[in-house]
Amino acid sequence: MLPPIILASQSPRRRELLAKAGVPFSLVVRDTEELKDAAMPPQELCLHNARAKAQAVFREHPDSTVIGADTLVFLDGLPLGKPEDGEEARSMLRMLSARTHHVCTAVSIRSPLGVKDLAVLTEVTFRELKEEDIRRYMELVNVMDKAGSYAFQEHGEMIISSVRGDTDNVIGLPVREVVECLRSLGY
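Here the structure is a predicted model, which means the values were calculated and not measured.

Definitions and cut-offs
Residues numbered from 1 in each chain as written. Predicted model: local features only at pLDDT ≥ 70, side-chain atom pairs only at ≥ 80, totals over all residues. Heavy atoms only, no water. UniProt positions renumbered as here; feature names shortened; annotations may be inferred. Helix = DSSP H or I, 4+ residues; strand = E, 2+ residues; numbered from the N terminus. Buried < 20%, exposed > 50% of the residue type's maximum accessible area, 1.4 Å probe, protein only. Contact = heavy atoms within 4.5 Å. 1 Å grid on protein atoms, 1.4 Å probe; cavity = no way out; pocket = protein on both sides within 12 Å on 5 of 7 lines; lining within 4 Å. Points joined across faces, edges and corners; volume = space filled by probe spheres on them. Salt bridge = Lys/Arg side-chain N within 4 Å of Asp/Glu carboxyl O. Phe/Tyr/Trp six-rings, centres within 6.5 Å; stacked < 30°, edge-to-face > 60°.

Visitor: Got a minute to help me understand the UniProt feature "active site" (unreviewed entry) in the protein in this structure?
Guide: Residues annotated by UniProt as "active site" (unreviewed entry) correspond here to D70. With respect to the helices and strands, the residue D70 is situated in strand 3 (residues 65-75). The buried category is assigned to D70, whose relative accessible area is 2%. Apart from residues lying up to four places away in sequence, D70 is in contact with R14, E34, C46, N49, A50, K53, C104, T105 and A106.

Visitor: Could you clarify how one ought to interpret the layout of surface pockets in this entry?
Guide: One water molecule sets the probe size; rolling that probe over the atoms shows where empty space is left. Computed from the structure, the largest pocket encloses a volume of approximately 850 Å³. Lining the largest pocket are 38 residues, with R14, E34, K53, D70 and K82 positioned closest to its centre. Looking at the lining of the largest pocket, the elements that each hand over two or more residues are helix 1 (12-20), helix 2 (42-60), strand 3, strand 4 (78-80), helix 3 (86-96) and helix 5 (167-171). Top contributing element to the lining of the largest pocket by residue count: strand 3, with five residues.

Visitor: I would appreciate a short explanation of the pattern of salt bridges in the present structure.
Guide: Taken as a whole, this structure holds 17 salt bridges when the rule is applied. Note that R176 is salt-bridged to E177, the shortest N-O span being 3.1 Å. Taking relative accessible area as the criterion, E177 reaches 16% and is therefore assigned buried. Residues joined in a network through salt bridges with shared partners are R13, D145, K146 and E154.

Visitor: Would you mind going over the UniProt feature "site: Important for substrate specificity" (unreviewed entry) in the protein with me for this structure?
Guide: Per the UniProt record, "site: Important for substrate specificity" (unreviewed entry) is found at R13, T71 and Q153. As for the lining of the largest pocket, the annotated residues named previously contribute R13, T71 and Q153. Within the element layout of this structure, T71 appears in strand 3. T71 gets classed as buried once you look at its relative accessible area, which sits at 15%. Sequence-distant contacts of T71, defined by excluding residues within four places in its chain, comprise R14, V103, C104, T105, A147, N169 and G172.

Visitor: It is not clear to me how unusual backbone geometry should be interpreted in this structure. Could you clarify?
Guide: Note: most residues except glycine have negative phi, and most peptide bonds are trans. Unlike most non-glycine residues, D76 shows phi in positive territory, near 55 degrees. Summarising the element assignment, D76 is placed in the loop between strand 3 and strand 4. D76 gets classed as exposed once you look at its relative accessible area, which sits at 60%. The backbone phi angle of A98 is positive, close to 60 degrees, even though this residue is not glycine. In this structure, A98 sits in the loop between helix 3 and strand 5 (100-111).

Visitor: Quick question: what am I supposed to make of helix 6 (residues 175-184) here?
Guide: Helical periodicity: at 3.6 residues per turn, an α-helix aligns residues three or four positions apart in one direction. Every buried residue belonging to helix 6 is among V175, E177, V178, V179, C181 and L182, and all of these are buried. Contact partners of the buried residues in helix 6: strand 1 (5-8), helix 1, strand 3, strand 5, strand 6 (114-126) and helix 5. Downstream of helix 6 by a residue or two, G186 has a phi angle that is positive, lying close to 110 degrees.

Visitor: Teacher, can you tell me more about the packing of aromatic side chains here?
Guide: Ring pairs (aromatic) are described by centroid distance and by the angle formed between their planes. Under the counting rule described, the total for this entry stands at one aromatic pair. Ring plane angle 75 degrees and centroid distance 4.9 Å describe the contact between F126 and Y150, whose orientation is recorded as edge-to-face. Here F126 is found in strand 6, whereas its partner Y150 is found in the loop between helix 4 (131-140) and strand 7 (160-164), with 24 residues between them in sequence. With relative accessibility at 5%, the residue Y150 sits in the buried group.

This is the structure we're talking about:
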């Protein structure tokens, strides 16, 4: 019998994506300190945070397969996490306006069957945003719990002009790659 799968994430978007892929899982979340070190390469920084989240839960559930994930937005190599307040959210959206940035989601899987780590980068280009566009977007979307202060799946058409790569990755979980990793472990 295969170990039960645990998603170590508070993100409702990750829960939805994993459930939509048909993966049965339960949720266990532990607080971990997330690094925001701009000196680290994007994939390395996200992987560090994803590993910490997976490991914190795996220590308590060593007979389970634990999936930890971390998503950050990178503009010119600088990580943009979740905003502290509304002004920081507006500032992030202004910075992203008419620019191309990268979204990195790293996933760390810890299991008695093995360890799998991956990081996926997706390129996103924003429309040019006027102050009115930013104000309207922030009225429609709760930007406070989102890396880079935006959500592809929530009125993304208002702010995003193009995406090159995996849109699930921008939402918070590169589902295809996660399913491939689980299959390689025997699921």
